[in-house]
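Commentary on secondary and tertiary structure
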Amino acid sequence: MLIPGKPVKNGACADTLRSPQQERQHLRDLARKAEQELMGVQMASMDELTLLPNRHGFTALAEQGLNACLQMGKPATLLLFNLDGFKHINYLYGRAEGDNALKTFADVLRIAFRESDVIGRLGSDKFVALLTGSSAVEIAAIRARLEEILEERNATVHRAYDLHFSIGQIEVDPLLHDTVDQLLAAADAFTWQTVG
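Everything in this summary refers to the structure shown in the same document.

1. Thoughts on the overall build of the protein
- Looking only at helices and strands, the protein has six helices and five strands in total.
- Along the chain direction, N to C, the helices and strands of the protein fall in the order α-α-β-α-α-β-β-α-β-α-β.

Below is the structure:
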């Protein structure tokens, strides 16, 4: 430890003096470490199976979208999806087929929504989307689009079952929902509608 007024011993600062090659290697090591840490943060926020944001990742991204809507006075709607019969698929056809069903539904959601919308997987067979700048009036069109894409997938993929989903929605009320966690808590009271 360096103490003011005390003489420095030989070699005390040797580890801070580096050759240009050592300095470059040190910078490469730091960059590699930063990249690994960033990848770790991304992986902690992503569902490995569907490559959608997980609950943590969705909450962080959706919070930004919700705040923007609230600040600009724009509407926002939260949609919650449940993949119907998922446990039955796992039981009858195995976990690998259940994983395929989840991946297929995640792809359908990716195709159906805009880049400005935030989608994610909350866990098991539950998915979520925050539609920024959209009110509940537009939900019927979104539901029809999802049904159309899912019907195409069901027709082209030859399997012993078709995928179906239930959907619930809640329109953001700035007086009740100023965080995504409040929206997700309110989602427990959703009225589910089976689709497909």
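2. Observations regarding the packing of aromatic side chains
- The full count for this structure, using the stated rule, is six aromatic pairs.
- An angle of 35 degrees between the planes, with centres 5.2 Å apart, marks the rings of Y93 and Y161 as tilted. Within this pair, whereas Y93 is found in helix 3 (residues 86-93), its partner Y161 is found in the loop between helix 5 (139-156) and strand 4 (164-171), the two being separated by 68 residues in sequence.
- On the basis of relative accessibility, which here comes to 37%, the residue Y93 falls in the partly exposed class.
- The interplanar angle of 65 degrees and the centroid separation of 5.2 Å between the aromatic rings of F105 and F127 together place this pair among those described as edge-to-face. Here F127 lies in strand 3 (residues 126-132) and F105 lies in helix 4 (residues 95-112), a separation of 22 residues in the sequence.
- Overall, the relative accessible area of 0% leaves F127 in the buried class.
- Among the aromatic residues, those joined into a cluster by ring pairs are F81, F105, F113, F127 and F165.

3. Quick word on helix 2 (residues 55-72)
- Under the 1.5 Å per step criterion, the end-to-end length of helix 2 is 25 Å for 18 residues, consistent within 8% with the ideal 26 Å.
- Burial in helix 2 covers these residues: G57, F58, T59, A62, G65, L66 and C69.
- Against strand 1 (76-84), strand 2 (118-123), strand 3 and helix 6 (180-186) lie the buried residues of helix 2.
- The distance from a side-chain oxygen at the start of helix 2 to the backbone nitrogen of H56 is 3.1 Å, and the residue carrying that oxygen is N54.
- Positive phi appears at G73, one or two residues downstream of helix 2, with a value of about 70 degrees.

4. Re the pairing of strand 1
- Where burial is concerned, most of strand 1 is hidden: nine out of the nine residues are buried.
- Burial along strand 1 is two-sided: A76, L78, L80, N82 and D84 and T77, L79, F81 and L83, pointing in opposite directions, are all buried.
- Of the strand pairs in this sheet, strand 1 and strand 3 are connected by seven bridges, and their pairing is antiparallel. If you follow N82 over to strand 3, its bridge partner there is K126.

5. Quick notes on the nonpolar core
- If you look at the biggest cluster of nonpolar residues, it comprises 27 residues, and the most contacted ones within it are L79, F81, L109, F113, F127 and L146.
- Those elements that place two or more of their residues in this core are strand 1, helix 3, helix 4, strand 3, helix 5 and strand 4.
- Here the element with the most residues in this core is helix 4; it accounts for seven residues.
- Of all hydrophobic cores here, the second largest spans 17 residues; its members include L78, L80, V172 and A187.

6. Thoughts on the pattern of salt bridges
- Considering all chains together, one arrives at five salt bridges under this definition.
- Measuring nitrogen to oxygen at the nearest pair gives 3.8 Å for the salt bridge that ties D107 to R153. Here D107 is found in helix 4, whereas its partner R153 is found in helix 5, with 46 residues between them in sequence.
- Exposure remark for R153: the relative accessible area of 24% places this residue in the partly exposed category.
- Between R114 and D117 there is a salt bridge, and its shortest N-O distance comes to 2.6 Å.
- Overlapping salt bridges, with partners in common, bring together D107, R110 and R153 in one network.

Conventions adopted
Residues numbered from 1 in each chain as written. Predicted model: local features only at pLDDT ≥ 70, side-chain atom pairs only at ≥ 80, totals over all residues. Heavy atoms only, no water. Helix = DSSP H or I, 4+ residues; strand = E, 2+ residues; numbered from the N terminus. Phe/Tyr/Trp six-rings, centres within 6.5 Å; stacked < 30°, edge-to-face > 60°. Buried < 20%, exposed > 50% of the residue type's maximum accessible area, 1.4 Å probe, protein only. Expected span 1.5 Å × (residues − 1). Contact = heavy atoms within 4.5 Å. Polar contact = N/O pair within 3.5 Å; in protein donor to acceptor, adjacent residues only side chain to side chain. Pairing = 2+ DSSP bridges. Core = buried A, V, L, I, M, F, W, Y, C linked by side-chain atoms within 4.5 Å. Salt bridge = Lys/Arg side-chain N within 4 Å of Asp/Glu carboxyl O.

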